[in-house]
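# Structural characterization, general
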Amino acid sequence: MTSSAQENPDRSTVRDPGDDSGALIAPTLARAIVAVVFCGFGGIAVLFVLEEGKSTDIVLAVACLAGLLALQYFYFCRPDTDLRSRQAYGMLVAQACLAYLPLFLFGQAWNSQPAFLAGSVLLVLPLPAAWPVFAGIVASTGVVRSFFPGTWEDVLYLLVNTATSGLFVYGLTRLARLVVALHEARDELAKSTVAHERLRFARDLHDLLGLSLSAIAPKGELALRLVRKNPGRAERELSEILEISRRALADVRAIARLYREISLNEETTTLASMLAASNVDLRIDLDLRELPPHMRTALSALLREGIAYVLRHREVEHCEIIVRQDNGSVSVDIVNDETGAAPTGDGVDNLQTMVSRMGGELSVGTDPDGRLHLHVGVPVSARSPERRAETATESRESIPQMATKFANWLAVAVFFGSFVQAVIRVLWVTQEFWDIALVTAYLTAALVLQLAYFSRPGTRLRSPASYPLLALMAVLVFLPSAQFQDASWTGLPGFLAGSALLVLRPALGWSVFAAVVGAVLWSQLGFLDTFVRALGLPIVTLDLGLITYGLTWMTRTVRQLRATRRELAEVALAETRLRFARDLHDLLGLSLSAITLKSELAYRLVLLDPDRARTELTEVLEISRHALADVRSVASGYHQMSLEEEYRTAESLLTTAGLSVLMEVDYGDLPPEVSTVLATVLREGVTNVLRHSKGECCVITIRAEDSGAHLQVINDGVTKPPADRDRNGWGSGIRNMSDRVASLGGALTARYEGDGRFALCARIPTARV
């Protein structure tokens, strides 16, 4: 007999990263299929023991069988079993004893059970040694069978049966282990991807911001000492601090942008508005067919840099942007209307670096009309610079991919073995050439239909075409029995039973499965005197049906679990990048703005008021140290902010900017999560006041109420919403704050008042935190 179990594409697998219902079913169903198939295969040996009149030995036979099944199911099938350990080799020896020693008691009735050992050998031994041992075990069953009465067909049948059964024992065990392992480790890839991204992000922060912030501290300390002794030198140091802080602020914004997926359409619209404001006529020709998100983001970055490069070097009136897709690549051409030699310098180097990291090519020159022409070609399959970290985790998916290929070939081998056994059973029934040829043709058609359609990877088994093909399989399976009027020949009804489970919905599928097994059992009612035949053939049909279903279903389950792991990793990576971008904006944007503001003030006061300049420089040093700590906290993923420190810093900054500040603070002890979110909201509110307000007064209220914590920032001097706001009047910073507040069950409101005032209010319940 043959047996194998594996797959159903349309049922118990994961469709949505947030829906684990199918994922929870998959391991349980895989184990159940393996258990039933193994019990059915072993049960036939018990029937043979009974048929040979050894009823007194039935208890011993059941005990030996229980030992074999327990070793196979509870040890070799467990996903956490180390199959290369010494213990595994010891268990293999124990299984060999249970497979061969009972032969001395039960004779040929036990001759099929070494198939369990054959499958386990492939699991435990290195493959170069395992396959010869596997072949030796198969041959040994043929040798043993040759000592008993029978024909060459009997020996051949047993050899094919042992080989096929050993393969399905190996395949079902390995695939069931893989299904369970992939299910239990479905978040592993996501965690690994996020860890790699965090390391890369930390490296980027160190390279771009760490050195800049570290340079501010010694220069600030030097300027602090020189304010009175050498004001001119102090001014130069302050000028360098200003330059460093402005560059660092630009880097923060650049990194934050880089870690968000950017809409290419929105980016071109923004560029068009920017060029229109500069009185530049822009013509855009875009071909954006089905570009993956990382390509859209990368092209947006290239367009920004390319336009900036062109405009930085030329006074232009007309500009063209052309984006084309052709033969798996994307080309970007930017042309302006000014004539002259193509400029060189850092701009070209920056663009060249960006394009090279994407695996593309850059050229800058003049066209036949003398116009500046910048051309970029990038392969569509290329990853954008920010996605390089993902490649480190992709190699982890090679094992499941290899498992899928292995399962496909294993199914072919097992199904072909079942086909050969069915042909041999025909030889037991008839020796007529044309009868054998016709039945073999039926069997061949059933095998081809099973492999080419029902068990073929990628087949849409719930499509309308599946139902007539299932009916055709039923004809191929049962027509020979009706045609030859001999119920001895059972064909391959297991193919029909397994395919019904694959194609039909569960309730109907299992009903058809039961009906097929029942039909085979009914056909054997006339052979009740032959106990093994009456019950053995239905068991064979049940096992082959589950093997057909199981091998196909588990193969697809492995593939879908692998896809789900990748999807979970992509979702986790996207969320991590958005958090990085948000934290950069929230934690470092205000700090660097404050350093710039206070450095400018100190620069103006060096000669006019040295004492006040020293005070501002002292605060610059303190803020720079906090900013360095923020860099480390963002990279590590942990950051807890002090609300008290934040409102004191806010008061100092607003006072430095010349605003009258009124503070109303009464909040007591707040949960750390609430305190951190309120601190970030306050920081965003102060940033907005400094950037967008031209008023004279700001009122900050922080208090605890029965319903929770309440924060409000109200400032005047706002005439209209800035240009970068959405339809609600919110910028990206306020949107980030709204998400943070909502995550704690609170609500954030931001509104413009009619008298030029702007109010930002956050309410967070403390009871649920």
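The rules behind each value
- Residues numbered from 1 in each chain as written.
- Predicted model: local features only at pLDDT ≥ 70, side-chain atom pairs only at ≥ 80, totals over all residues.
- Heavy atoms only, no water.
- Helix = DSSP H or I, 4+ residues; strand = E, 2+ residues; numbered from the N terminus.
- Buried < 20%, exposed > 50% of the residue type's maximum accessible area, 1.4 Å probe, protein only.
- Contact = heavy atoms within 4.5 Å.
- Areas by Shrake-Rupley, 256 points an atom, 1.4 Å probe, with all protein chains shown as cover.
- Pairing = 2+ DSSP bridges.
- Axes fitted to C-alpha atoms, helices over the stretch in contact; angles between N-to-C directions.
- Parallel < 35°, antiparallel > 145°, perpendicular 65-115°, else oblique.
- Left-handed = near helix turned anticlockwise from the far one by under 90°.
- Core = buried A, V, L, I, M, F, W, Y, C linked by side-chain atoms within 4.5 Å.
- Phe/Tyr/Trp six-rings, centres within 6.5 Å; stacked < 30°, edge-to-face > 60°.
- pLDDT = per-residue confidence, 0-100.
- Polar contact = N/O pair within 3.5 Å; in protein donor to acceptor, adjacent residues only side chain to side chain.

## Re the overall build of the chain
The helix and strand tally for the chain stands at 23 helices and 10 strands. Taken across its 769 residues, the chain has 52% of its residues classed as buried. Excluding contacts between residues fewer than 6 apart, the proportion of contacts in the chain whose partners are at least 24 apart in sequence is 75%. A total accessible area of about 34,000 Å² is found for the chain, and carbon and sulfur atoms account for 58% of it.

## So, the pairing of strand 8 (residues 708–715)
For strand 8, a buried count of 8 out of 8 residues is recorded, marking the element as mostly surrounded by other parts of the structure. Looking at chain direction, strand 7 (residues 697–705) and strand 8 are connected through 8 bridges and run antiparallel. Across the sheet, E705 pairs through a bridge with G708, a residue of strand 8. Two successive antiparallel strands, strand 7 and strand 8, enclose a turn made up of 2 residues. Pairing of strand 8 with strand 10 (residues 758–764) involves 7 bridges; the strand directions are antiparallel. When the sheet's bridge partners are listed, A709 is paired in strand 10 with I764.

## So, the environment of I547
Residue placement: I547 occurs in helix 19 (residues 531–608). Given the relative accessible area of 0%, I547 is considered buried. In sequence terms I547 and V414 are 133 residues apart; their C-alpha atoms lie 8.9 Å from each other.

## Considerations on the packing of helix 17 (residues 493–503) against helix 18 (residues 506–523)
Two numbers describe how helix 17 lies on helix 18: the axes approach to 7 Å, and their chain directions differ by 165°. Compared by their axis directions, helix 17 and helix 18 come out roughly antiparallel. Relative to helix 18, helix 17 is oriented so that their crossing is left-handed. On the side of helix 17, the interface is formed by P493, L496, A497, G498, A500 and L501, while helix 18 contributes G509, W510, V512, F513, V516 and V520.

## Some points on the nonpolar core
Within the largest apolar cluster, 95 residues are counted, with the highest numbers of intra-cluster contacts made by F38, W110, F168, L551 and M554. Residue contributions to this core peak at 11 residues, all from helix 14 (residues 398–429).

## Regarding the packing of aromatic side chains
In total, this model carries 15 aromatic pairs according to the counting rule given. Relative to F74, the ring of Y73 lies with its centre 5.0 Å away and its plane at 90°, an arrangement referred to as edge-to-face. Ring centres 5.2 Å apart and planes at 85° place the aromatic pair Y75 and F76 in the edge-to-face group. Classification of Y75 as buried rests on a relative accessible area of 9%. F76 sits in the buried class, given a relative accessible area of 0%. Counting every residue linked through ring pairs, the aromatic cluster contains F38, F41, F116 and F168.

## Regarding the confidence of the model for the chain
On average, residues of the chain score 75 in pLDDT, and 69% of them reach the 70 mark or higher. Taking the mean pLDDT of every element in the chain, the minimum, 42, falls on helix 13 (residues 391–394) and the maximum, 92, on helix 3 (residues 86–100). Counting interchain partners and residues more than four positions distant, the pLDDT-below-50 stretch residues 1–24 has 113 contacts. Confidence drops under a pLDDT of 50 for residues 382–400, and excluding neighbours within four residues, the segment shows 51 contacts in the predicted structure.

## Structural notes on the side chain of T552
Topologically, T552 is positioned in helix 19. There is a polar contact of 2.8 Å between the side chain of T552 and the side chain of S455.

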